[in-house]
Structure formats: structure tokens, C-alpha cells
Amino acid sequence: SQKEAGFKNEIRETFLTVDLKPKTLEIIKTLKKDKIFRGNSDVILADTAAKEMQKVHQLTGGTCLLDESGKAIILDESKALFIKEHFAGDKIAIFYKFKKELELLQKHLDITTDIDEFSSTGKNIALQFVAGREGIKLNKADALVFYTIDFSATTYFQARDRMTTIDRKFSDVYYIISNTGFEKQIFNAVSKKKNFTTRFYDRAEISEEDNR
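In this text the structure is predicted, and so the values were computed from the model without any measurement.

A. Representation of the overall build of the protein. The helix and strand inventory of the protein stands at nine helices and ten strands. Burial status across the protein gives 50% buried among its 212 residues. Nonlocal contacts in the protein, meaning residues at least 24 apart in sequence, comprise 68% of its contacts between residues at least 6 apart.

B. Layout of unusual backbone geometry. Of note, the phi angle at Lys35 is positive, near 70 degrees, even though the residue is not glycine. Its place among the elements puts Lys35 in the loop between helix H1 (22-34) and strand S2 (36-38). Among the residues examined, Lys35 registers a relative accessible area of 34% and is labelled partly exposed. At Lys193, a position not held by glycine, the phi torsion is positive, near 65 degrees. For Lys193, the position within the fold is in the loop between helix H8 (182-190) and helix H9 (198-201). Take Lys193: its relative accessible area is 68%, and that puts it in the exposed class.

C. The confidence of the model for the protein, seen in detail. For the protein, the mean per-residue pLDDT works out to 88, and 86% of the residues sit at or above 70. Taken together, the stretch residues 1-7 has pLDDT below 50 and engages in eight contacts with residues farther than four places along the chain or on a different chain. Within the model, the stretch residues 208-212 combines pLDDT values under 50 with 16 contacts to residues more than four positions away or in other chains.

D. Seen up close, H8. Of all the nine residues making up H8, seven are buried; the element is thus mostly covered by neighbouring parts of the structure. Among all positions of H8, only Phe182, Glu183, Gln185, Ile186, Phe187, Ala189 and Val190 are buried.

E. Up close: the packing of aromatic side chains. The tally for this structure, following the rule as stated, stands at 16 aromatic pairs. Residues Phe146 and Tyr175 carry aromatic rings whose centres are separated by 4.9 Å and whose planes lie at 65 degrees to one another, so their mutual orientation is edge-to-face. With Phe146 in strand S9 (residues 143-146) and Tyr175 in strand S10 (residues 170-178), this residue pair connects regions lying 29 residues apart in the sequence. A ring pair is formed by Tyr156 and Phe157, whose centres lie 4.7 Å apart and whose planes are at 70 degrees; its orientation type is edge-to-face. Assessed through its relative accessible area of 3%, Tyr156 is described here as buried. Members of the aromatic cluster, each reached through a chain of ring pairs, are Phe15, Phe95, Phe129, Phe146, Tyr156, Phe157, Tyr175 and Phe187.

F. Quick look at the sheet that holds strand S7 (residues 111-112). Pairing is parallel across the open sheet formed by six strands, whose spatial order is S1-S10-S9-S6-S8-S7. Pairing within the sheet leaves two strands with one partner each, and these edge strands are strand S1 (10-18) and S7. Two strands pair when backbone bridges link them, and S9 and S10 are joined in this way by three bridges, in the parallel orientation. Its bridge partner being in S10, Leu144 is matched across the sheet by Val173.

G. Geometry of the layout of surface pockets. Quantified by volume, the largest pocket comes out at close to 220 Å³. Taken together, 13 residues form the lining of the largest pocket, with Phe37, Gly39, Asn40, Ile73 and Leu75 sitting closest to its centre. Mapped onto the lining of the largest pocket, the elements with two or more residues apiece are H1, S2 and strand S3 (43-45). Its residues assigned to classes, the lining of the largest pocket shows seven nonpolar, three polar and three charged.

H. Focus on the pattern of salt bridges. Going through the model one piece at a time under the given rule, you end up with twelve salt bridges. We note a salt bridge from Asp172 to Arg12, for which the minimum N-O separation is 2.8 Å. One end of the pair, Asp172, is in strand S10; the other, Arg12, is in strand S1, and 160 residues separate them in sequence. A relative accessible area of 18% places Asp172 in the buried class. Here Arg12 falls in the partly exposed class, since its relative accessible area comes to 35%.

Cut-offs applied
Residues numbered from 1 in each chain as written. Predicted model: local features only at pLDDT ≥ 70, side-chain atom pairs only at ≥ 80, totals over all residues. Heavy atoms only, no water. Helix = DSSP H or I, 4+ residues; strand = E, 2+ residues; numbered from the N terminus. Buried < 20%, exposed > 50% of the residue type's maximum accessible area, 1.4 Å probe, protein only. Contact = heavy atoms within 4.5 Å. pLDDT = per-residue confidence, 0-100. Phe/Tyr/Trp six-rings, centres within 6.5 Å; stacked < 30°, edge-to-face > 60°. Pairing = 2+ DSSP bridges. 1 Å grid on protein atoms, 1.4 Å probe; cavity = no way out; pocket = protein on both sides within 12 Å on 5 of 7 lines; lining within 4 Å. Points joined across faces, edges and corners; volume = space filled by probe spheres on them. Nonpolar A, V, L, I, M, F, W, Y, C, P; charged D, E, K, R; others polar. Salt bridge = Lys/Arg side-chain N within 4 Å of Asp/Glu carboxyl O.

Okay, here's the thing in C-alpha cells:
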């Protein structure tokens, strides 16, 4: 184990709350109530618990996959703008879940997806959870930033450990949490080594006050 090998790194976790646009919150509430949101030219469906959970997950990151056209769109840039401002001057590694989130992050931050370029330049890096959660060292980063949180407990523990080295005393991990409280509910499950499933989501009431 790392402990047996002499690693003494402490992971310091911090939650940073971002207010989503009122329109985004309206869509989430409508999906939970009516199981469908009708836009001007497309729809968002949440007709099963699993699909509702997935759509809310997308929306809290500011993107969504539409159901009629199959097109992924950007709806809310609040999280990306917050990261740009809050971590200005820092070299960060960002974990994201959905492909459209990378496009959103690249719009506002100087980002690479190549680990060698990240290590040798001043650029930040963005990695999709599955691709970046193991086998990659992010020790050049000042901090890890979870743009959202994956439903997998294994992914959570592997991803947050990417900065750990034998000579590093602290690793700072930041979770960008929307004011729905949804991501905090995911964290509460995966940090206890439980995958976040519809069993957890069915009991969860999304509220703007949950994460305050």
C-alpha cells in the first residue's frame, strides 16, 4: 500500500458552491415534476428514475443531451466561469464526466488533454473520469478540481489520489458543487464506498437550500 511504502500525503477536500442560472434550476424542477421538459425545438426526457438521475447530472454541469435530435448542448456556463475566476493563476487538473463539458471548459480556460503538454507547459489539463482516474500522475498540479462527481465510488477514490507522491505532504481537491445539492448527495454515497444509484436518488429531494 502507499502507506506501507512511506506515502504520508494528506488529501484536503473543499466544496465550492456555484449558483446555476434560474433557467437551469427551472428545467431540473420541471423534469422532477413532469418527467419531461419541452423546449422550443426539442425535449429533455426523464421518464425513468435512471434517466432522470442522468439528466440532472448533465444539467448540474451545464450541458444536456437532447432526446429528439440526440444533440448535446451547452445550457449553463456558470461552473466553468467560476473555475476560471477562482483558480486564476493556478495550474489545475480538472476531472469532468460528459464530453460536452470539455468543450465548455476549453471555451473559458487554457486547457490541454495531453499529460505531457500539461507537465511541460503552463496549461491546465482536463481529463474524463474513466480515462484519467488511474495510471496518470498529476503531481504538477496545484490542485485537483472535480467539475462534477462520478457515480462510481472506485472512480472517486482513484481520481482524487492522482496528485499523491511520496514527497508531497498535501493534496488539495476541490469539488465544484451546484446550488441544487445534487453533487453533494453523490459525494455522500461514493465517499462511503457506495456507488450512487437510483436507490439513493429516489430518496433525494433536489433543493436549492440543500447545499448551503
